[in-house]
Amino acid sequence: MTGNIYRGQAGLPFSSALRIYEPLSAFPEEQRAALRTAGARTASRAAVENAELQASLGRITRPGGDPFPTGRTDLVRIVPAPPEPEQPRGHTSSGASDAPGTSDAGGPGSEAAPAAADNGPALLYCPSQLVLRAGLAANALMEGIHGPLAELLIPEEQRDKHQERIDLVKAREGSTRVHTRASTWGIPFSWFSLFQESDHQDVVESGGRIVTVRVWARIGEALERVRYAVANLALAAPDLDMLDDMTQLTEWLELFHPGSVVELDYGAVADKVYPDDSPMDVRLGIECLAEGDMTGAAAAYRRLASRWIPIRQLARAS
């Protein structure tokens, strides 16, 4: 079952993620031992993804009507720190090593990352932080157009109980930085402004399908790219919704250690869109706007729309 869930065969929404991986020194000292231990337990990226999905399905059917994570355990994804800029950086690999039970952290600059090795590469960590993220998601749902329905699905008693968990996490970790942003039924166009086609990329395949595509960039490079996009959009198209999204992305990235890595994990939607030129289309569209080339900007948007609008329409399909 786990393999089918991971490959998007269980009728679940396409889910994509934008993650920040930080060096251990960026975390509070009291949190580092737990991160090391969790990282040492990580058998493979596929195992982590499957465990997270199974846990989410288990919460839906949990007796008592509490859909929130308890925070007793928290999954951790790890990648090796990327090589220095002058070294070779990009490669594409098959997903055979991503099967459950293998040792593959799937990170930039290395086909396999040991969970813990004194003489191995430095590791970067991305905790799942499910308690914080579930609270944020519930608040967004309550404030949205489906708020009345959400109140029926998530009783106030359960929301109050989960707020107590959030308060405990904040008190224990002393930080509310959320390392993961998630999106269903498509990837926000603003995310593509962080990446270029030359960035390190892994294509994970299994059974003739693309399981996911993961793209990585150093956080300094990602910040430089999104700041460039924000500066040009502010001048050429200040009313564009994507400008607000990119501004929020910039503020989010600035919260993290300069030695971090940004990962875009397409998830199962990769099988529908890969090979994907969206980072290039976003960049070309912004460059065209900056140069006053409305025709070129419109052409770039049409390419993006033709690729992603059909995916987003699946959210309303019966």
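Definitions and limits used
- Residues numbered from 1 in each chain as written.
- Predicted model: local features only at pLDDT ≥ 70, side-chain atom pairs only at ≥ 80, totals over all residues.
- Heavy atoms only, no water.
- Helix = DSSP H or I, 4+ residues; strand = E, 2+ residues; numbered from the N terminus.
- Buried < 20%, exposed > 50% of the residue type's maximum accessible area, 1.4 Å probe, protein only.
- Contact = heavy atoms within 4.5 Å.
- Areas by Shrake-Rupley, 256 points an atom, 1.4 Å probe, with all protein chains shown as cover.
- Phe/Tyr/Trp six-rings, centres within 6.5 Å; stacked < 30°, edge-to-face > 60°.
- Expected span 1.5 Å × (residues − 1).
- pLDDT = per-residue confidence, 0-100.
- Salt bridge = Lys/Arg side-chain N within 4 Å of Asp/Glu carboxyl O.
- Axes fitted to C-alpha atoms, helices over the stretch in contact; angles between N-to-C directions.
- Parallel < 35°, antiparallel > 145°, perpendicular 65-115°, else oblique.
- Left-handed = near helix turned anticlockwise from the far one by under 90°.
- Nonpolar A, V, L, I, M, F, W, Y, C, P; charged D, E, K, R; others polar.
- Core = buried A, V, L, I, M, F, W, Y, C linked by side-chain atoms within 4.5 Å.

### A word on the overall build of the chain
Along the backbone of the chain there are 11 helices and 7 strands. Counting across all 318 residues of the chain, residues that qualify as buried make up 47%. Of the contacts made within the chain by residues no fewer than 6 positions apart, 81% connect residues no fewer than 24 positions apart. Accessible surface, the chain as shown: approximately 15800 Å² in total, 53% of it carbon and sulfur.

### Digging into the packing of aromatic side chains
By convention here, two paired aromatic rings are described through the distance between centres and the angle between planes. Tallied over the entire structure, the rule returns 5 aromatic pairs. With a centroid separation of 6.4 Å and an interplanar angle of 50 degrees, the aromatic rings of Phe-192 and Tyr-266 are classed as tilted. Placement of the pair is Phe-192 in the loop between strand 4 (180-184) and strand 5 (200-206) and Tyr-266 in the loop between strand 7 (261-265) and helix 9 (270-273), with a sequence separation of 74 residues. Judged by its relative accessible area of 1%, Phe-192 falls in the buried class.

### Examining helix 10 (residues 278-290)
The terminal C-alpha atoms of helix 10, which comprises 13 residues, lie 18 Å apart, in line with the 18 Å expected from a rise of 1.5 Å per residue. Every buried residue belonging to helix 10 is among Ser-278, Pro-279, Asp-281, Val-282, Gly-285, Ile-286, Cys-288 and Leu-289, and all of these are buried. Buried residues along helix 10 sit against helix 7 (219-236), helix 8 (241-253) and helix 11 (294-313). Once helix 10 ends, the next one or two residues include Gly-292, with phi positive near 75 degrees.

### Structural notes on the environment of Thr-295
Tracing the sequence through the fold places Thr-295 in helix 11. By relative accessible area, which is 63% here, Thr-295 ends up exposed. The spatial distance from the C-alpha of Thr-295 to the C-alpha of Gly-285 is 9.6 Å, given a sequence separation of 10 residues.

### Regarding the confidence of the model for the chain
Any region with low pLDDT has predicted coordinates that should not be read closely. When pLDDT is averaged along the chain, the result is 79, and 64% of the positions lie at 70 or above. Highest mean pLDDT in the chain belongs to strand 7 (98); lowest belongs to helix 1 (residues 2-6) (46).

### Comments concerning the pattern of salt bridges
One pass over the structure, following the stated rule, counts 19 salt bridges. With a shortest N-O distance of 3.3 Å, Asp-265 and Arg-45 are connected by a salt bridge. Here Asp-265, found in strand 7, pairs with Arg-45, found in helix 3 (residues 45-60); they are 220 residues apart in sequence, far enough to count as distant. When sorted by exposure, Asp-265 lands in the same class as Arg-45, which is buried. A salt bridge links Arg-225 to Glu-221; its shortest N-O distance comes to 3.9 Å. You can see Arg-225 and its partner Glu-221 sitting in helix 7, 4 residues apart, about one turn around the helix. Accessibility expressed as a relative area gives 15% for Arg-225, which makes it buried. One network of salt bridges, in which partners are shared, links Arg-19, Arg-45, Glu-49, Arg-77, Arg-214, Glu-263 and Asp-265.

### Examining the packing of helix 7 against helix 8
In the contact formed by helix 7 and helix 8, the axes pass within 9 Å of each other and the chain directions differ by 150 degrees. Between helix 7 and helix 8, the crossing angle belongs to the class labelled roughly antiparallel. Along this stretch, helix 7 crosses helix 8, giving a crossing that reads as left-handed. Residues Ile-219, Ala-222, Leu-223, Val-226, Arg-227, Ala-229, Val-230, Leu-233 and Ala-234 of helix 7 form the contact with helix 8, whose own contacting residues are Met-242, Leu-243, Met-246, Thr-247, Thr-250 and Leu-253. Partitioning the contact of helix 7 with helix 8 into residue classes produces 12 nonpolar, 2 polar and 1 charged.

### Details of helix 8
Relative to the 18 Å expected for 13 residues at 1.5 Å per residue, helix 8 spans 19 Å between its end C-alpha atoms, a close match to the ideal helical length. Residues Met-242, Leu-243, Met-246, Leu-249, Thr-250, Trp-252 and Leu-253 constitute the buried set of helix 8. Buried-residue contacts for helix 8 involve strand 1 (15-23), strand 4, helix 7, strand 7 and helix 10.

### Remarks on the nonpolar core
Counting 44 residues, the largest nonpolar core has Leu-18, Leu-194, Met-246, Leu-253, Val-262, Tyr-266 and Trp-308 as its most contacted members. Among the secondary structure elements, those contributing two or more residues to this core are strand 1, strand 6 (209-218), helix 7, helix 8, strand 7, helix 9, helix 10 and helix 11. Excluding residues within four positions of it along the chain, Met-246 makes contact with Ser-190, Ser-193, Val-226, Ala-229, Val-230, Leu-233, Val-282 and Ile-286. In terms of nonpolar packing, the next biggest core, distinct from the first, is built from 8 residues, Phe-27, Ala-38, Val-76 and Ile-78 among them.

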